[in-house]
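Structural overview
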Amino acid sequence: MRQEFQLFVAESGPSALKIVEAETIHVVMSDQRMPQMSGDELLARIAQLSPATVRILLTGYADIQDVIRALNTGGLFRYLTKPWDLDELTEVLHQAVAHYRQTIERYDSRQRTQRFTREVLAFLRSLPESSTAQELIRQALELSNTETLPR
C-alpha cells in the first residue's frame, strides 16, 4: 500500500481526528470496532470536519445497524468486510481517490463560477438603474447560490 498511497495510521478515533484536522486527507478507511470510538462515529465526525474526504468502513462483523448508521451519518463511499482481498482493496482505494479528485474539481469549478458571478454582479450594479439590469442581477444571484465544500 505504501508504494501506491501516502498512508497515515491512527490507533484510535481521536488520533484519526487529529490527523484529519492537521492534514488534507483524501480517503479514510476505518475499522468499525476500535478503541474509544466506533468507526461509524469516527466517519460521521470526519464528514463534518472534512466533507470531501472519502470514507470507507471495514469490519469483520456483519452488524447491519452499524452499516446503516455509517451510511446515514458518515456518508460512506464503500463498506468492506474482513478479510478483504488486497487487489479489491487497492482497487477500491483507487476509486476513492478518483472520487475525491472529482469532488474537488467540482468544488473548484463552483468556486470559479461564484467568483465570476460576483464580478458580473459588481458590473451589473454599476449600470444605470433599469428593469433589465435588475432582472440580470436577480438571475446572477440565483446562479451564485451554490454549495461549498471545505477541505
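For the structure itself, look to the data block above.
One structure accompanies this document, and this report is about it. The structure presented is a predicted model; accordingly, all values stated were derived computationally and were not measured. (Residues numbered from 1 in each chain as written. Predicted model: local features only at pLDDT ≥ 70, side-chain atom pairs only at ≥ 80, totals over all residues. Heavy atoms only, no water.)

Section: a nonpolar patch on the surface
- Together, Met1, Leu7, Val9, Trp84 and Leu86 give the surface a local cluster of nonpolar side chains, amounting to about 460 Å² of exposed area.
- Its place among the elements puts Leu7 in the segment before helix H1 (13–22).
- Owing to a relative accessible area of 35%, Leu7 belongs among the partly exposed residues under this scheme. (Patch = residues over 30% accessible without salt bridge, like charges linked within 9 Å, V, L, I, M, F, W, Y side chains within 5 Å. Areas by Shrake-Rupley, 256 points an atom, 1.4 Å probe, with all protein chains shown as cover. Salt bridge = Lys/Arg side-chain N within 4 Å of Asp/Glu carboxyl O. Helix = DSSP H or I, 4+ residues; strand = E, 2+ residues; numbered from the N terminus. Buried < 20%, exposed > 50% of the residue type's maximum accessible area, 1.4 Å probe, protein only.)

Overview of the layout of surface pockets
- Approximately 940 Å³ is the volume found for the largest pocket.
- The wall of the largest pocket is formed by 32 residues, among which Leu7, Phe8, Val27, Val28 and Met29 lie closest to the centre.
- Contributions of two or more residues to the lining of the largest pocket are made by H1, strand S1 (27–31) and helix H4 (86–126).
- Considering only residue class, the lining of the largest pocket consists of 20 nonpolar, 6 polar and 6 charged. (1 Å grid on protein atoms, 1.4 Å probe; cavity = no way out; pocket = protein on both sides within 12 Å on 5 of 7 lines; lining within 4 Å. Points joined across faces, edges and corners; volume = space filled by probe spheres on them. Nonpolar A, V, L, I, M, F, W, Y, C, P; charged D, E, K, R; others polar.)

A word on the side chain of Ser50
- Its location among the elements puts Ser50 in the loop between helix H2 (39–49) and strand S2 (54–59).
- A distance of 2.5 Å separates polar atoms of two side chains, one belonging to Ser50 and the other to Thr53. (Polar contact = N/O pair within 3.5 Å; in protein donor to acceptor, adjacent residues only side chain to side chain.)

What about the sheet that holds S2?
- Pairing is parallel in the open sheet, where 3 strands are placed in the order S1-S2-S3. Lying at the two open borders of the sheet, with one neighbouring strand each, are S1 and strand S3 (78–81). Strand-to-strand, the axes of this sheet are offset by a mean angle of 20°, without reference to chain direction.
- Inspection of the sheet shows S1 paired to S2 by 5 bridges, in the parallel sense. Considered in S2, the bridge of Ser30 is made with Leu57. (Pairing = 2+ DSSP bridges. Axes fitted to C-alpha atoms, helices over the stretch in contact; angles between N-to-C directions.)

Limitation: the analysis is restricted to geometry and does not speak to function.
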